[in-house]
Amino acid sequence: MTLPAWLDKPWGDLTARLERLPHGILLSGPVGVGKRLLAEALAARLLCTDAKDGAPACGSCTGCRLRLAGTHPDLHVVVPEADMPEETAPARKSGKPSTQILIEQIRALQSSLELTAHMGGRRVVVIDPADAMNPFTANALLKLLEEPPRATHLLLVTSAPRRLLPTLRSRCQAWAIPQPEADAAGAWLAEAGGAGATRLSQLLGGSPLEAARLAGQGVGEALQRFEREVGAIGPNSDVIALAGSWEGWTKARDGLAAGIDMPRLSDWMLRWSWDLVASKCGVGVRYFDGQRQMMARLVERVPLAQLFDCYNQISQVRRSASHPLNMRLALEDMLLRYQRCLSSGNRP
Ligand SMILES: [Zn+2]
């Protein structure tokens with residue numbers, strides 16, 4: 001994958017000092033700006049034996065071929081089990097996969113780095129997200145950074161650098177990747193993003209790579225359905241039927257693939273109701289720009305206080321949305337609250 005244009009600058013700066021790169025590199029920045037992509041491109045470049053200067057990894061030398069096959073012995077990617085592809089995740093008897101990097105993973109890394117580099121060149125470790133470690137695990141990693149094996153680079157990726165141990169941060173050279181300009185992100189999304197990716201990026205307040213990832217799971221299409229159905233709710237709509245239809249959606253194949261659940265639906269509802277307030281105040285909607293006209297129509301006769309009430313009500317729903325005991329009732333409650341607030345000014 002070619003890097004998006006906004007990563008050209010950090011890429012150029014990093015590769016300009018390839019021979020002098022420190023052992024620890026900390027890539028930080030907002031979710032979805034491409035930190036992991038940059039780390040992977042840098043790892044690939046460090047392990048490539050043919051590429052020159054600022055060029056990306058060649059893709060055809062032995063190092064590149066092994067890396068592309070996922071079998072490069074000197075490339076280590078350390079992620080929480082929850083982020084591992086199913087084929088590589090360790091067998092688990094029960095429970096949910098861990099969202100934390102575990103101390104066993106760092107110990108295993110330590111012991112494999114004690115051996116000399118298999119290919120005789122550099123070794124690269126990508127750790128993502130580097131903030132997903134408890135203090136014991138972070139301390140084990142710190143030991144590695146304090147006495148790094150020769151020609152080994154540890155690329156730490158995080159969107160929450162402050163959650164890292166200060167000692168860990170101080171052992172790394174920090175690279176902050178900023179949110180791209182809206183134009184640059186928009187151009188990239190239009191080309192590489194997939195269905196609905198631009199709308200998703202707006203909903204997320206930036207994060208083009210995250211938007212593209214979600215679009216690939218069908219979240220863009222799901223968002224369109226959400227906009228259509230919420231936008232159509234009026235004083236006489238049957239929201240009980242809509243709640244039933246959404247409950248079915250959370251269990252249907254497309255809904256499951258797009259991760260449609262109560263937290264996601266209530267999060268979208270919350271952003272939607274925030275935009276209604278913004279529309280009424282005339283400050284410009286923030287998350288659903290494509291629905292600006294529809295929103296202006298919806299709020300035309302609803303008093304501002306009522307819209308604030310709507311936002312507050314949905315916030316309450318959102319706070320308790322993680323594990324509804326009864327999904328159907330939770331959806332009905334949310335949609336009824338919304339309808340009641342919105343209808344007060346629109347009732348004939
Ligand atoms: Zn190569």
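Residues numbered from 1 in each chain as written. Predicted model: local features only at pLDDT ≥ 70, side-chain atom pairs only at ≥ 80, totals over all residues.

**Quick look at the overall build of the protein**
Here is step 1: Along the backbone of the protein there are 16 helices and five strands.
Here is step 2: With the C-alpha coordinates aligned to their principal axes, the bounding extent of the protein is approximately 80 × 45 × 35 Å.
Here is step 3: Here the protein, with 348 residues, has 39% of them falling under the buried criterion.
Here is step 4: Within the protein, contacts between residues separated by at least 24 positions form 69% of all contacts whose residues are at least 6 apart in sequence. (Helix = DSSP H or I, 4+ residues; strand = E, 2+ residues; numbered from the N terminus. Buried ≥ 20, exposed ≤ 12 C-beta atoms within 10 Å, placed from the backbone. Contact = placed C-beta atoms within 7 Å.)

**A few points about helix α8 (residues 197-204)**
Here is step 1: Within α8, seven of the eight residues are buried, which leaves it mostly tucked inside the rest of the structure.
Here is step 2: Within α8, the full set of buried residues consists of Ala197, Thr198, Arg199, Leu200, Ser201, Gln202 and Leu203.
Here is step 3: Its buried side turned inward, α8 meets α7 (182-192), α9 (208-216), α10 (219-231) and α13 (262-281).
Here is step 4: A positive phi of about 70° marks Gly205, the residue just after α8.

**A closer look at the pairing of strand β1 (residues 24-28)**
Here is step 1: β1 sits mainly inside the fold: five of its five residues count as buried.
Here is step 2: Of the two faces of β1, the one carrying Gly24, Leu26 and Ser28 and the one carrying Ile25 and Leu27 are both buried.
Here is step 3: Where β1 lies against strand β4 (residues 152-158), five bridges are found, and the strand directions are parallel. Bridging from a neighbouring strand, Leu26 pairs with Leu156 of β4.
Here is step 4: As defined by bridge partners, β1 adjoins strand β5 (residues 173-176) across four bridges and the pair is classed as parallel. By the bridge assignment, Ile25 is partnered in β5 with Gln173. (Pairing = 2+ DSSP bridges.)

**Quick word on the packing of α13 against helix α15 (residues 304-319)**
Here is step 1: Where α13 meets α15, the closest approach of the two axes is 9 Å, and the angle between their N-to-C directions is 165°. Accordingly, the angle class assigned to the pair α13 and α15 is roughly antiparallel. In the packing of α13 onto α15, the handedness of the crossing is left-handed. The segment α13 lies against α15, with Ser266, Asp267, Met269, Leu270, Ser273, Trp274, Leu276, Val277 and Lys280 engaging Leu304, Leu307, Phe308, Cys310, Tyr311, Ile314, Ser315, Val317 and Arg318. (Axes fitted to C-alpha atoms, helices over the stretch in contact; angles between N-to-C directions. Parallel < 35°, antiparallel > 145°, perpendicular 65-115°, else oblique. Left-handed = near helix turned anticlockwise from the far one by under 90°.)

**Structural notes on the domain arrangement of the protein**
Here is step 1: The domains assigned to the protein are domain 1 (5-83 + 98-179), domain 2 (180-216) and domain 3 (218-343).
Here is step 2: Computed over C-alpha atoms, the centres of domain 1 and domain 2 are 25 Å apart.
Here is step 3: On the domain 2 side, the residues contacting the nine residues of domain 1 number ten residues.
Here is step 4: Within the side of domain 1 that touches domain 2, the residues separate by chemical class into six nonpolar, three polar and no charged. (Domains from an automatic or database assignment. Nonpolar A, V, L, I, M, F, W, Y, C, P; charged D, E, K, R; others polar.)

**Considering the sheet that holds β4**
Here is step 1: The parallel open sheet is built from five strands, whose spatial order is β2-β3-β4-β1-β5. The open sheet has two free edges, formed respectively by β2 (75-78) and β5, since each of these has just one partner strand. Taken over all neighbouring pairs, the strand axes of this sheet differ in orientation by 15° on average, direction set aside.
Here is step 2: Each of β1, β2, β3 (123-127) and β4 touches helix α2 (residues 35-47); the most contacted strand, β4, lies at about 170° to it.

**Quick word on the nonpolar core**
Nonpolar side chains in soluble globular proteins tend to be buried together.
Here is step 1: In this structure, Leu27, Ala43, Val126, Ile127, Leu155 and Leu156 are the most contacted members of the largest nonpolar core, which totals 87 residues.
Here is step 2: Those residues in contact with Leu155 that sit more than four places away from it in its chain are Ile25, Leu27, Ala39, Leu42, Ala43, Val124, Val125 and Val126. (Core = buried A, V, L, I, M, F, W, Y, C linked by C-beta atoms within 7 Å.)

**Observations concerning unusual backbone geometry**
Here is step 1: Here the residue pair Asp128 and Pro129 is connected by a cis peptide bond, since its omega of -5° sits within 30 degrees of zero.
Here is step 2: Even without a glycine there, the phi angle at Asp53 is positive, about 45°.
Here is step 3: On the secondary structure map, Asp53 appears in the loop between α2 and α3 (62-68).
Here is step 4: For Asp53, a count of 8 C-beta atoms within 10 Å puts it in the exposed group.
Here is step 5: Positive phi is not limited to glycine here, since Ser207 has a value of about 50°.
Here is step 6: Positionally, Ser207 belongs in the loop between α8 and α9.
Here is step 7: Its 23 C-beta neighbours within 10 Å are what place Ser207 among the buried residues.

**Some details on the environment of Gly218**
Here is step 1: Here Gly218 is to be found in the loop between α9 and α10.
Here is step 2: Classification of Gly218 by C-beta neighbours within 10 Å gives buried; the count is 20.
Here is step 3: Discounting chain neighbours no more than four positions away, the residues touching Gly218 are Asp254, Ala257 and Ala258.

**Side note on the packing of α7 against α9**
The description of two packed helices rests on the angle between their axes and on the distance between the axes.
Here is step 1: The contact between α7 and α9 brings their axes to 10 Å, and the two run at 20°. For the element pair α7 / α9, the angle class is roughly parallel. Remark: the crossing between α7 and α9 carries right-handed chirality. Residue-level inspection shows Ala185, Trp188, Leu189 and Ala192 of α7 in contact with α9, the latter providing Pro208, Ala211 and Ala212.

**Let's talk about the environment of Leu21**
Here is step 1: Tracing the backbone shows Leu21 in the loop between α1 (8-16) and β1.
Here is step 2: Its 16 C-beta neighbours within 10 Å are what place Leu21 among the partly exposed residues.
Here is step 3: With 227 residues separating them along the chain, Leu21 and Gly248 place their C-alpha atoms 52 Å apart.

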